[in-house]
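So you can see what is in the structure, the chains are spelled out below.
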Amino acid sequence: MEGRVALITGAAGGIGRASVLAFAEAGARVVVADIDLTGAEETAHLAAQMGEAIALRVDVTRADEVAALVERAITTFGRLDYAHNNAGVAYPSLAAMTPTADQDESLFDHILAVNLKGVWLGMKYEILRMVAQGGGAIVNTSSILGLVGGKGMAAYVASKHGVAGLTKTAALEYARYGVRVNAVCPGVVQTRMVEPMLADPKIERGWLQSQAIRRTAEPGEIAAAALWLCSDAASFVTGHLLNVDGGQFAQ
Ligand SMILES: NC(=O)c1ccc[n+]([C@@H]2O[C@H](COP(=O)([O-])OP(=O)(O)OC[C@H]3O[C@@H](n4cnc5c(N)ncnc54)[C@H](O)[C@@H]3O)[C@@H](O)[C@H]2O)c1
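This is a predicted model, so every value here is computed, not measured. (Residues numbered from 1 in each chain as written. Predicted model: local features only at pLDDT ≥ 70, side-chain atom pairs only at ≥ 80, totals over all residues. Heavy atoms only, no water.)

Explanation requested: helix α8 (residues 219-230) in the structure shown.
Turn by turn, an α-helix covers 3.6 residues, leaving residues three or four places apart pointing in a common direction. Between its first and last C-alpha atoms α8 spans 17 Å; for twelve residues at 1.5 Å apiece the expected length is 16 Å, and the two agree. Taken together, the buried positions of α8 are occupied by Pro219, Ile222, Ala223, Ala225, Ala226, Leu227, Leu229 and Cys230. Buried positions along α8 lie against α1 (14-25), β4 (82-85), β5 (136-141), β6 (179-186) and β7 (241-244). (Helix = DSSP H or I, 4+ residues; strand = E, 2+ residues; numbered from the N terminus. Expected span 1.5 Å × (residues − 1). Buried < 20%, exposed > 50% of the residue type's maximum accessible area, 1.4 Å probe, protein only. Contact = heavy atoms within 4.5 Å.)

Honestly, the packing of helix α4 (residues 105-133) against helix α5 (residues 154-174) in this entry has me stumped. Any pointers?
Helices that pack against each other are described as a pair by the angle of their axes relative to one another and the distance between those axes. Close contact between α4 and α5 brings their axes to 8 Å; oriented N to C, the two are set at 15 degrees. Compared by their axis directions, α4 and α5 come out roughly parallel. The handedness of the crossing between α4 and α5 comes out as right-handed. On α5, the residues touching Phe108, Ile111, Leu112, Asn115, Leu116, Val119, Trp120, Met123, Ile127 and Val131 of α4 are Ala155, Tyr156, Ser159, Lys160, Gly162, Val163, Leu166, Ala170 and Tyr174. By residue class, the composition of the contact of α4 with α5 is 15 nonpolar, three polar and one charged. (Axes fitted to C-alpha atoms, helices over the stretch in contact; angles between N-to-C directions. Parallel < 35°, antiparallel > 145°, perpendicular 65-115°, else oblique. Left-handed = near helix turned anticlockwise from the far one by under 90°. Nonpolar A, V, L, I, M, F, W, Y, C, P; charged D, E, K, R; others polar.)

Explanation requested: the site of the ligand in the structure shown.
Around the ligand, the structure places 27 residues, and the nearest of them are Ile15, Asp34, Tyr156, Val189 and Thr191. Between the ligand and Val60, the relevant distance is 3.0 Å, taken from a nitrogen atom to a main-chain nitrogen or oxygen of the residue. Measuring from an oxygen atom of the ligand, one finds a side-chain N or O atom of Arg192 at 3.3 Å. Coverage of the ligand by the protein amounts to 93% of the 820 Å² it exposes when considered alone. Listed by contribution, the elements that provide at least two residues to the shell around the ligand are α1 and α5. (Near = heavy atom within 4 Å. Polar contact = N/O pair within 3.5 Å; in protein donor to acceptor, adjacent residues only side chain to side chain. Areas by Shrake-Rupley, 256 points an atom, 1.4 Å probe, with all protein chains shown as cover.)

Listed below in structure tokens is the structure:
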């Protein structure tokens, strides 16, 4: 990926940070974006040991901020070849994970705004640039919960199914312009997001038993899939939802 440029959101930690490091190691210059600027700067610092990286603060729910982010990527590095739309939120506590009829409205709106609208806004501005440039590759972070239901997680599940739909639709629309659009669907990954759930032994046991490989994934194992989907090695792959789930759907 020498000479190419990647933009990654939700990159202050977890899967996004691992993705930044994977793209940097592959030779790309990287734009590290997150609502948490301090965390994004730490990630950019780590990536700078391998190549060029800048950290920018963005709220992916804000069209003006996402447009400005893509613009900054272009003014800084001159082009945009890859984007990983990965920023996301889940439930702040176990108490917030309620059956569908009891989900809190403002939390529902927030989860949909970050996880679904945020991905759409990212694609909107990235695609315009990639089409103008003659091609590019996008990977969105969906989830295994973008494929099946999950008790207590209606808003999250809806948002991740939405990401799957956006991914397939954009793939159909922009293939003719040389833009590929895919998604990764992770199983349980050891990040800040799942700490409140994994703290409950019952939930932890249930989640791990559903994966054939009975452990949580490392963020780098998801990043490796995202990197491959964007790379030229996946040049005939578009509209694909790639499960990286420890074999959850094999059983
Ligand atoms: N951890 C898992 O088990 C798991 C499983 C499937 C999918 N995912 C998805 O992976 C992605 C990354 O999550 P993670 O597990 O690395 O957790 P994480 O909490 O470490 O990362 C999410 C990042 O998104 C950022 N973010 C939140 N709201 C934002 C906003 N409005 N604008 C910009 N950035 C914002 C956060 O600051 C954080 O750095 C998410 O989309 C998540 O839904 C995670």
